[in-house]
Amino acid sequence: MPADYHIHGLAHVGPPHTVERLLPYVEAAKAAGLTEIGFADHDRYLEGLDFNVFSELERVTGMPVRAGLEIDFRPEKDHRRELAGRPWDYLIGSVHAIGNWDFDRPGQEDGFNAWDIDELYTVYFNLVAQAASTGLFQIIGHLDLIKIYGHRPRKSVLTLAEPALKAVAASGAALEVNTAGLFKPVGEIYPAAEILERAFSLNIPVTIGSDAHAPGEVARERERARQLLRRIGYTSLATFARGVMATESL
Ligand SMILES: [Zn+2]
Ligand SMILES: [Zn+2]
């Protein structure tokens, strides 16, 4: 039952949340051979989400449509409170910012110059570890997003990522293999193969997500992610319904 759980139905445009806007994503998922889809819009659009739209889409298309959200993790924010009381299937915890610096936003690349690169990776992975340690997330998104513009640490990335991986393993969350990195300056899947190898040895489950912001991006380069995971030794992917993890064969 292949699923893509990282779909931005509202893209960067935002609400309103309607069947008409989301339907092309479900149709694209069907065309790509997926059997399950999950929307995970950014949490800044939380108030614009309409859960009836998800059930209506399921009714119209006959495809399971999961209700997710991508949370822009900020240690100072009370995410638990903002997320409470809604019937989530899963939540993706992602770090996109260090303090006030949204490092992955176009036009923000200069911010990298202000950092010692190893220090930056350390601070970034500590935030990811903090996100995982909240226990709030079923999936940790694009674990090594900090490489987005191709800035590489001097130290081994495995050493730097270890605290984050340990925290993910302890939290029971799945790691997301996110193919959007192939379309960014770094030109690589998130996370790097060596990080996934370590995740495999720590028994961390995985999902594959496209991070689509348009219907044409649903499931893109999924086969490449699949081959990578199979080469590492993975034989299954995690699926989620109402926060409960199950597996599908890879
Ligand atoms: Zn993200
Ligand atoms: Zn995303």
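Residues numbered from 1 in each chain as written. Chains lettered and ligands numbered in written order. Predicted model: local features only at pLDDT ≥ 70, side-chain atom pairs only at ≥ 80, totals over all residues. Heavy atoms only, no water.

In the nomenclature of an unreviewed UniProt entry, the protein is known as Histidinol-phosphatase of Neomoorella humiferrea. Among the UniProt annotations of the protein, the heading Catalytic activity (unreviewed entry) holds the following wording: "L-histidinol phosphate + H2O = L-histidinol + phosphate". (UniProt positions renumbered as here; feature names shortened; annotations may be inferred.)

Draft legend 1. A look at the packing of aromatic side chains. Taken as a whole and judged by the stated rule, the model has 13 aromatic pairs. Their ring planes at 40° and their centres at 4.7 Å tell us that Tyr5 and Tyr90 sit as a pair that is tilted. Here Tyr5 is found in strand E1 (residues 3–7), whereas its partner Tyr90 is found in strand E4 (residues 90–94), with 85 residues between them in sequence. Residue Tyr5 shares its accessibility class with Tyr90, and that shared class is buried. Relative to Phe112, the ring of Trp101 has its centre 5.0 Å away and its plane inclined at 80°; by these criteria the two rings are edge-to-face. Linking Trp101 in the loop between E4 and helix H4 (117–133) with Phe112 in the loop between E4 and H4, this pair joins segments that are 11 residues apart in sequence. Judged by its relative accessible area of 11%, Trp101 falls in the buried class. Aromatic ring contacts, followed pair by pair, group Trp101, Phe103, Phe112, Tyr121, Tyr124, Phe125 and Tyr149 into a single cluster. Across the ring face of Phe183, the terminal group of Arg220 is positioned such that the distance to the ring centre comes to 3.9 Å. (Phe/Tyr/Trp six-rings, centres within 6.5 Å; stacked < 30°, edge-to-face > 60°. Helix = DSSP H or I, 4+ residues; strand = E, 2+ residues; numbered from the N terminus. Buried < 20%, exposed > 50% of the residue type's maximum accessible area, 1.4 Å probe, protein only. Lys NZ or Arg CZ within 6 Å of the ring centre and 35° of its normal.)

Draft legend 2. Main features of the coordination of the zinc ion (ligand 2). Summarising the metal site, the zinc ion (ligand 2) is bound by the protein donors His6 (NE2), His8 (NE2), Glu70 (OE) and Asp211 (OD), whose distances to it range over 2.1 to 2.2 Å. One way to put it: the four donor atoms around the zinc ion (ligand 2) meet at angles of 81 to 172°, and that makes the site irregular. Spacing between the donor residues of the zinc ion (ligand 2) along their common chain follows H-x1-H-x61-E-x140-D. A separation of 3.3 Å is found between the zinc ion (ligand 2) and the zinc ion (ligand 1), which share Glu70 as a coordinating residue. Taken as a pair, His6 in strand E1 and Asp211 in the loop between strand E7 (206–209) and helix H7 (222–232) lie far apart in primary sequence, 205 residues in all. (Donors = N, O, S within 2.8 Å, 3.2 Å for Na, K, Ca; no water. Tetrahedral: all angles 85-135°; square planar, octahedral: opposite > 155°, others 65-115°.)

Draft legend 3. Inspection of the UniProt feature "domain: PHP" (unreviewed entry) in the protein at higher detail. With numbering matched to this structure, UniProt assigns "domain: PHP" (unreviewed entry) to residues 4–180. From the first C-alpha to the last, residues 4–180 spans 12 Å; its make-up is 34% helix and 18% strand.

Draft legend 4. Summary view of the sheet that holds strand E6 (residues 174–178). Spatial ordering of the open sheet is given by E1-E2-E3-E4-E5-E6-E7, a layout of seven strands whose pairing is parallel. Two strands close off the open sheet at either side, each with one partner strand: E1 and E7. Bridge count between E6 and E7: four bridges; the pairing is parallel. Paired with Asn178 across the bridge in E7 is Gly209. (Pairing = 2+ DSSP bridges.)

Draft legend 5. Focus on the environment of Phe112. Of the residues examined, Phe112 reaches a relative accessible area of 3% and is grouped as buried. In the structure, Phe112 is positioned 39 residues away from His151 in sequence and 8.1 Å away in space, judged by C-alpha atoms.

Draft legend 6. View of the packing of helix H5 (residues 157–171) against helix H6 (residues 193–201). Running from N to C, H5 and H6 cross one another at 40°; their axes reach a closest spacing of 10 Å. Of the possible angle classes, the one that applies to H5 and H6 is oblique. The way H5 lies across H6 gives a crossing that is right-handed. Residue-level inspection shows Val157, Leu158, Ala161, Glu162, Leu165 and Lys166 of H5 in contact with H6, the latter providing Glu194, Ile195, Arg198 and Ala199. Looking at side-chain class alone, the contact of H5 with H6 contains six nonpolar, no polar and four charged residues. (Axes fitted to C-alpha atoms, helices over the stretch in contact; angles between N-to-C directions. Parallel < 35°, antiparallel > 145°, perpendicular 65-115°, else oblique. Left-handed = near helix turned anticlockwise from the far one by under 90°. Contact = heavy atoms within 4.5 Å. Nonpolar A, V, L, I, M, F, W, Y, C, P; charged D, E, K, R; others polar.)

Draft legend 7. Region of interest: unusual backbone geometry. Cis peptide bonds are those with omega within 30 degrees of zero, and the linkage from Pro15 to Pro16 qualifies with 10°. Among the secondary structure elements, Pro16 is positioned in the loop between E1 and helix H1 (19–31). Residues other than glycine seldom take positive phi values, yet Glu221 does so here, at roughly 55°. Among the structural elements, Glu221 can be located in the loop between E7 and H7. Taking the relative accessible area as the measure of exposure, Glu221 reaches 35% and is therefore partly exposed.

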